[in-house]
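Below, each chain spelled out in residue letters.
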Amino acid sequence: MFLSAIVMMKNRRSITVEQHIGNIFMFSKVANAILFFRLDIRMGLLYLTLCIVFLMTCKPPLYMGPEYIKYFSDKTIDEELERDKRVTWIVEFFANWSSECQSFAPIFADLSLKYNCSGLHFGKVDVGRYTDVSTRYKVSTSPLTKQLPTLILFQGGTETMRRPQIDKKGRAVSWTFSEENVIREFNLNELYQKAKKQSKPREEGPEEPPGLQAAAGHPDGEPKKDK
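The sections below set out a description of the structure shown in this document. (Residues numbered from 1 in each chain as written. Predicted model: local features only at pLDDT ≥ 70, side-chain atom pairs only at ≥ 80, totals over all residues. Heavy atoms only, no water.)

## Observations concerning the sheet that holds strand S3 (residues 120–126)
And step 1. Across the sheet, which stays open at both edges, the five strands sit in the order S1-S3-S2-S4-S5 with mixed pairing between neighbours. Of all the strands in the sheet, just strand S1 (70–72) and strand S5 (158–163) have a single pairing partner and so form its edges. For this sheet the average axis-to-axis angle between neighbouring strands, irrespective of direction, equals 30 degrees.
And step 2. Against the sheet, helix H5 (residues 99–115) contacts strand S2 (88–94), S3 and strand S4 (150–155), and its axis sits at roughly 160 degrees relative to S3. (Pairing = 2+ DSSP bridges. Helix = DSSP H or I, 4+ residues; strand = E, 2+ residues; numbered from the N terminus. Axes fitted to C-alpha atoms, helices over the stretch in contact; angles between N-to-C directions. Contact = heavy atoms within 4.5 Å.)

## Some words on the packing of aromatic side chains
To describe a pair of aromatic rings, you give the distance between the ring centres and the angle between the ring planes.
And step 1. Here the structure, examined in full by the defined rule, presents eight aromatic pairs.
And step 2. Pairing phenylalanine 104 with phenylalanine 108 gives two aromatic rings, centres 5.7 Å apart and planes at 35 degrees, and the pair type is tilted. Of this pair, phenylalanine 104 and phenylalanine 108 both sit in helix H5, four residues apart, which is roughly one turn of that helix. For the pair shown, phenylalanine 104 and phenylalanine 108 are each scored as buried.
And step 3. In textbook terms, an aromatic cluster arises when at least three aromatic residues are bridged by ring pairs, as seen for Phe104, Phe108, Phe122, Trp175 and Phe177.
And step 4. The ring of phenylalanine 94 is capped by lysine 124, whose NZ or CZ atom sits 4.6 Å from the centre of that ring. (Phe/Tyr/Trp six-rings, centres within 6.5 Å; stacked < 30°, edge-to-face > 60°. Buried < 20%, exposed > 50% of the residue type's maximum accessible area, 1.4 Å probe, protein only. Lys NZ or Arg CZ within 6 Å of the ring centre and 35° of its normal.)

Below, the structure is given as structure tokens:
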């Protein structure tokens, strides 16, 4: 009953079916470990060892689908944000080891396909790899952190809002990373319309959302369009 209550509480923040199933399996393993230890400590240790080996060797696959996202490094993020202050950026601070970041990846990619234009860009930076970026932008990368992923809106090169918010005690305020929440909280529809009006027309490519003209993210920065 206790583990069932924990699963239900954990699933409140889940936004995909995969997350729900993953939470159920994770806590089922915990319940099995407890039962094995109660039956025989040697069986419990063996089961625990197998679970650790499984977690270390069988990591969930990274999202490799279409997207229109620019990937930053520690050396390019500041330069890109300051390059043209007419451009609005929505940047995701993520870590590959975070299951929440992996679950949010296809959602953020879909948003980039729908809303990217010459005046509204989407970016990502791996704060698990570039720890100085996490320090600079005050995004915790602790294994127990609730700040991954973090979405920050930059307008005129300056941060104007972020989710999740950080309270006065430095703790992340719980927030669900669903597509509907991102669109509503960041006013993406309004941002998109303003960006189209204020930015100069591109010399190449349409002003409408790229839709199926997707780009696969490239770790060195420039997005690569699928043909």
